[in-house]
Protein chains: 4
Amino acid sequence: MTQEKIKIGLVGTGRIGAMHAEHLCHRIHRADLAAIVSRSQANAERLAETLGVSKASDQISTILDDPAIDAVAICSSTDTHSEFIIRAAEAGKHIFCEKPIDLDLGRVDQALAAVRSAGVKLQIGFHRRFDPNFQEVEQQVRNGAVGELNLVRITSRDPAPPPLEYIKTSGGLFLDMSIHDFDMARFLVGSEVEEVFAKGTCRTDPAIGEVGDVDTAVIVLTFKDGCMVTIDNCRKSSYGYDQRVEVFGSKGMAWADNNTPHRTGVGNAEGMHTSKPLDFFLERYVDAYLAQMNAFIDSVLKGEEPSVTGIDGRNPVVIALAAKRSMEQGRPVRLSEIEK
Amino acid sequence: MTQEKIKIGLVGTGRIGAMHAEHLCHRIHRADLAAIVSRSQANAERLAETLGVSKASDQISTILDDPAIDAVAICSSTDTHSEFIIRAAEAGKHIFCEKPIDLDLGRVDQALAAVRSAGVKLQIGFHRRFDPNFQEVEQQVRNGAVGELNLVRITSRDPAPPPLEYIKTSGGLFLDMSIHDFDMARFLVGSEVEEVFAKGTCRTDPAIGEVGDVDTAVIVLTFKDGCMVTIDNCRKSSYGYDQRVEVFGSKGMAWADNNTPHRTGVGNAEGMHTSKPLDFFLERYVDAYLAQMNAFIDSVLKGEEPSVTGIDGRNPVVIALAAKRSMEQGRPVRLSEIEK
Amino acid sequence: MTQEKIKIGLVGTGRIGAMHAEHLCHRIHRADLAAIVSRSQANAERLAETLGVSKASDQISTILDDPAIDAVAICSSTDTHSEFIIRAAEAGKHIFCEKPIDLDLGRVDQALAAVRSAGVKLQIGFHRRFDPNFQEVEQQVRNGAVGELNLVRITSRDPAPPPLEYIKTSGGLFLDMSIHDFDMARFLVGSEVEEVFAKGTCRTDPAIGEVGDVDTAVIVLTFKDGCMVTIDNCRKSSYGYDQRVEVFGSKGMAWADNNTPHRTGVGNAEGMHTSKPLDFFLERYVDAYLAQMNAFIDSVLKGEEPSVTGIDGRNPVVIALAAKRSMEQGRPVRLSEIEK
Amino acid sequence: MTQEKIKIGLVGTGRIGAMHAEHLCHRIHRADLAAIVSRSQANAERLAETLGVSKASDQISTILDDPAIDAVAICSSTDTHSEFIIRAAEAGKHIFCEKPIDLDLGRVDQALAAVRSAGVKLQIGFHRRFDPNFQEVEQQVRNGAVGELNLVRITSRDPAPPPLEYIKTSGGLFLDMSIHDFDMARFLVGSEVEEVFAKGTCRTDPAIGEVGDVDTAVIVLTFKDGCMVTIDNCRKSSYGYDQRVEVFGSKGMAWADNNTPHRTGVGNAEGMHTSKPLDFFLERYVDAYLAQMNAFIDSVLKGEEPSVTGIDGRNPVVIALAAKRSMEQGRPVRLSEIEK
């Protein structure tokens, strides 16, 4: 008899962790959330109680040592990802892990090696691949409606920067924010990046510059098949969360506009007025987060490879490191330089 | 201590009933679905098993006689609504009932009288009032952005007609389909209709005409405050489910466009191509159905009057009966004629 | 050798007359404006001087008696139209005449009879038929993209009412403003109206009601082929000149949105803001006015029947008279009643 | 008494020259076209006859030696621009000249020096600055609606590449096509470029690569004030002429979409279908070409500096040369390197 449900333990009770926990309890029916782990025992207990989850702990071993648990969802801070992946793989648990795997390419590779030798499934949390807009654009590319891809434009702007404390340990704009766009570029183009050129500046808050980061960036990716991708990022957009893509090829163009909370407008003596984009990622991507987790559960239940693999988690890190070096050195950087 | 959850019994396991049951079990957290009743015992049991509901029956008394159950959701066929409302009221249960209350105005009034004397809450299933698009338009009207209302346009077209068997007992286009638009007109204008002029024809399928109904209609409502509303309906729209409104007043206009499955498009040598509207009501209005049921649970828990009352269930029936007479007699009909 | 140019005399130096005169002098190359006539000699002379036209007069005979002049453009006030048509026809001049031919159906028929017996060309100034938007919609109807027409919606709202003095002699909203929409309905549906139902109220300025007119109206036209058309009109729209149509048929829908001065927008913390429609008819329809006059010149030069004929001038008057009676008597009125 | 009209001589009877000649004769009232010059006497005579211009010649001296002529419009091939500017300046004629001034920066500077010492007006034909869409966006930037500019995106794609013969002598994509976008970037940002990074490939036709040019490019401009601009170009767009800009700043965003031939659409079982952009530059920018020439005439009549000056003609050439070097050397190039 085929297994119909899996048991999942979840690590991390921040915004993303709490959302996944809530989804696993109320909106996803082929998984039971069996344990919640947080670095704070109190936080773990509070969330577990709210959701009626039986186990709460401040030790990931609570999940890893429980033979009844099939998989772990790693939603803790970035600096714990690679270690938890390795420990979970060694414990034979399937792994869903939020991006990025690690800020250090060596540790990324150690984590992927552990996954490989354990033979467990690993899916990286690039949820935007599961968004209906971007899926539709990717579908149009795959079915040939756009022809051979020549140019891609990705716009990704946040409504407001995260707290400075977060930025300090985030690895910088490219590893923290642009990394989603690097994944989107790979997803849409369906090939690998060869060269990166990045420019970044600090325009919205001097404090971001003082901790060594930028808040506004333009990136040009050149893919092996010749397709060129421009990405523009900003940490602060007055009109809200801006998430658009456009692909241009020999036969046509496909685009995705922003989602909005409603499709209404008002016309008056000042003009015609419509809604700002849906704000922020938890609202904008709620369906994508659900679809992503269901896909992970699917791949565990069916024993199939996840659609977003360890390589899909690794390569955007390489691109981000190349972008960082490009900005620092004021020249295009080939990925092969980073791999050395 | 305040009650935090209510127990609900549900009658009717058709499309709408099954949807409400699923929502009550998985997506609504302040209610427990305690019993499922269907005219077919087998259907009741099948749905109850799928959702893990403990009681299943072919008798509404299973719900009404259970002192632990606070409320009943009536999703059975229209001809049972008024009887079930009366019985539920007499049993002291709060009532959520799908539209219409009844096709006969006398029975509508009997049902409302029973509710009144029992002092229970009654909410009628005009879910479109809970749709984010229409709520936003109504909000703009209420906050004065549109000024004094002069004209309203409502377009409501279905992707395909229901089965002929359904049409035969539906009460006709005005009582079955336009009734939602009559409610929407009252919701947006915030006043009562005085006169109705209706024209209807059979354009999409002669079989609909043979059973005495029309499939295409235009209706002009004149409200007591002078606002004029045009409604156009069709049972068959090639481009899918069309649900738009526009209100025009002294200060401006507000409109709601259709929702679409995604915000993407393709441009090619033939032009620019975007998505058809979201299809059909279960998809288009899923958030509205959820918000509606949560509002009902709220009003029960707080002991407050529902936002969609018995009068809101009754008046569209009067308008529909006036529309029917207008079409039959080829003249505008005042609501006062129907009330006699 | 074929004639390559015609000589035109123009009567009327109001806004529309001045525009046609300017077009004939500067933007239309197959006609020479040979004479300008106005009820005021001074106005005729002033315009003639500005445009370099050699003849100016306060007598239409200046045009009609000049054997070198081929055609007359009648842009004077409505009460002169039928008389000038008759005199021009008797003088053997081809006639372009602004709408309406006359407010009295008897005089309309006398004018058409004069045209017929003289064998001259008569084109009525329903310029909207030459607008690229409405032409494209009509094209889609004719090429079958919409299938059999079921419903048409026409929205026509002015930015501001004309002076009260104008309204007093205009014949009322239906004969002055809605008449363009009646023509548009006939143009799009391609068949004749059978019945009219009209409701009108005075909402924007009580002074309009005091002179016996309405400023806001809803009209339902039923065509012989069963297609139903709703028209909504208002003399005052806060967001400007609103000129939209939508046709709905068995295979699809076609629509025309408003033109705007530019295709730009601004997004900020308050939302996304775009432009109001192009304001007012002289700007909105400048290309249509040009195309209309070129079509008239074409039909004179080629000896072909104009695309907007005397019947196209007459039938909207009948519809307007039926709308007036419908509103006065509170019932639908068949066109056959007006013809009696 | 102030002069009310100027006399213009025009050189060049290609597509652009013929358009300007037609405008000067029929649509622009403050100028007389006094002479037409072409390298082919026959072409000059043919166009002069069609438009009723009295003088036709194959020698620019026909214009320059005529003391009655105030200004010359240079619409001949690029390799003649700088020489004709110098000769016209020496003859004391005001000059309107199509872009680019020259492909060689030294000759550009000689031409500008001649203009300076003669004290004549020189306006360069960057017509897009006069387009209502781009003017509105620039206006929003100037009036502060966008705040401090952070990012600009310019998309400029042609429907089809020009003939190979044209491409061979065009100076390449950056000097021929992107130059308009470089001007647009300067126009919108209102500051000067510091650094250019350009990538180009040959994607649409290998023959373009064989003559040493590219047909697809991405360019990143960094302005002195820190604003970053991305431009994407392609010689071949399946859905037609794509001309969009978007500016993003601290307070908001402003954008310009494409113009379309009409504002209509069709909805059917396949989706919703609207129009491709207006095609090609003569149609898309007809109003801009007119406004540009009127602005030139204005500045001559009023003795004021044109709004698009010699420096505005020179600096995009510098940017284009930097883009070329950037692409060839695979690194960002500072404008100061080109100036050396």
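Residues numbered from 1 in each chain as written. Chains lettered and ligands numbered in written order. Predicted model: local features only at pLDDT ≥ 70, side-chain atom pairs only at ≥ 80, totals over all residues. Heavy atoms only, no water.

Student: Can you walk me through the pattern of salt bridges in this structure?
Tutor: A full pass over the atoms with the stated rule returns 117 salt bridges over all chains. Of the charged contacts, one joins D181 of chain D and R128 of chain D as a salt bridge, the two residues approaching to 3.3 Å between their closest N and O atoms. Of this pair, D181 of chain D sits in helix 8 (residues 173-189) while R128 of chain D sits in the loop between strand 6 (122-124) and helix 6 (132-142), and the two are 53 residues apart along the sequence. Exposure class is identical for D181 of chain D and R128 of chain D. Each is buried. Notably, a salt bridge pairs R142 of chain D with E138 of chain D, separated by 3.2 Å at the nearest N-O pair. In this pair, R142 of chain D and E138 of chain D are both assigned in helix 6, four residues apart and thus about one turn of the helix distant. Residue classification places R142 of chain D among the partly exposed residues on the basis of a relative accessible area of 41%. Taking relative accessible area as the criterion, E138 of chain D reaches 16% and is therefore assigned buried. Connected via shared salt-bridge partners are R153 and E246 of chain A together with R157, D232, D242 and R244 of chain D. (Salt bridge = Lys/Arg side-chain N within 4 Å of Asp/Glu carboxyl O. Helix = DSSP H or I, 4+ residues; strand = E, 2+ residues; numbered from the N terminus. Buried < 20%, exposed > 50% of the residue type's maximum accessible area, 1.4 Å probe, protein only.)

Student: What exactly am I supposed to notice about the relation of the copies chain B and chain A here?
Tutor: The two chain copies are connected by a rotation around an axis plus a translation along it. Of the transformation placing chain B onto chain A, the axial shift is 0.0 Å and the rotation is 180°, giving an RMSD of 0.0 Å. Taken together, the rotation angle and the small translation identify this as a two-fold axis. Among all residues of chain B, the one whose C-alpha sits closest to the rotation axis is H26 of chain B, at a distance of 2.9 Å. The fraction of interface residues of chain B whose copies in chain A are also interface residues reaches 100%, indicating that both copies meet through the same surface. (Least-squares fit on C-alpha atoms with pLDDT ≥ 70 in both. Contact = heavy atoms within 4.5 Å.)

Student: How should I be thinking about the interface of chain B and chain A in this particular structure?
Tutor: Between chain B and chain A, the residue contacts involve 30 residues of the former and 30 residues of the latter. Between chain B and chain A, roughly 2300 Å² of surface is buried when both sides are summed, and carbon and sulfur atoms account for 53% of that area. The tally of links between chain B and chain A comes to zero salt bridges. Run the count over chain B and chain A and you get 15 residue pairs in polar contact (both at pLDDT 80 or more). Secondary structure elements with two or more residues in the side of chain B that touches chain A: helix 1 (15-26), helix 6 (132-142), strand 12 (252-256), strand 13 (264-268) and strand 14 (271-274) of chain B. Across five bridges, the pairing between strand 12 (residues 252-256) of chain A and strand 13 of chain B is antiparallel. Bridging across to strand 13 of chain B, A256 of chain A finds its partner in T264 of chain B. (Buried area = accessible area lost by both parts, 1.4 Å probe. Polar contact = N/O pair within 3.5 Å; in protein donor to acceptor, adjacent residues only side chain to side chain. Pairing = 2+ DSSP bridges.)

Student: How should I be thinking about the relation of the copies chain A and chain D in this particular structure?
Tutor: Each copy superposes on the other: chain A lies on chain D with an RMSD of 0.1 Å after a rotation of 180° and an axial shift of 0.0 Å. A high fraction, 100%, of the interface residues of chain A reappear at the interface in chain D, so the copies pair face to face through one surface.

Student: What am I meant to see in the packing of aromatic side chains here?
Tutor: For any pair of aromatic rings, the description rests on two quantities: the centre-to-centre distance and the angle between the ring planes. As enumerated under the stated definition, the model contains 26 aromatic pairs over all chains in all. Centroid distance Y241 of chain A to Y285 of chain A: 6.1 Å. Interplanar angle 90°. Geometry classified as edge-to-face. Linking Y241 of chain A in the loop between strand 10 (228-234) and strand 11 (242-249) with Y285 of chain A in the loop between helix 10 (281-284) and helix 11 (286-302), this pair joins segments that are 44 residues apart in sequence. No difference in accessibility class separates Y241 of chain A from Y285 of chain A, as the two residues are buried. Among the aromatic side chains, those forming a connected cluster through ring pairs are F134, Y241, F280, F281 and Y285 of chain A. The lysine or arginine in question, R157 of chain B, covers the ring of F248 of chain C, its NZ or CZ lying 4.3 Å from the ring centre. (Phe/Tyr/Trp six-rings, centres within 6.5 Å; stacked < 30°, edge-to-face > 60°. Lys NZ or Arg CZ within 6 Å of the ring centre and 35° of its normal.)

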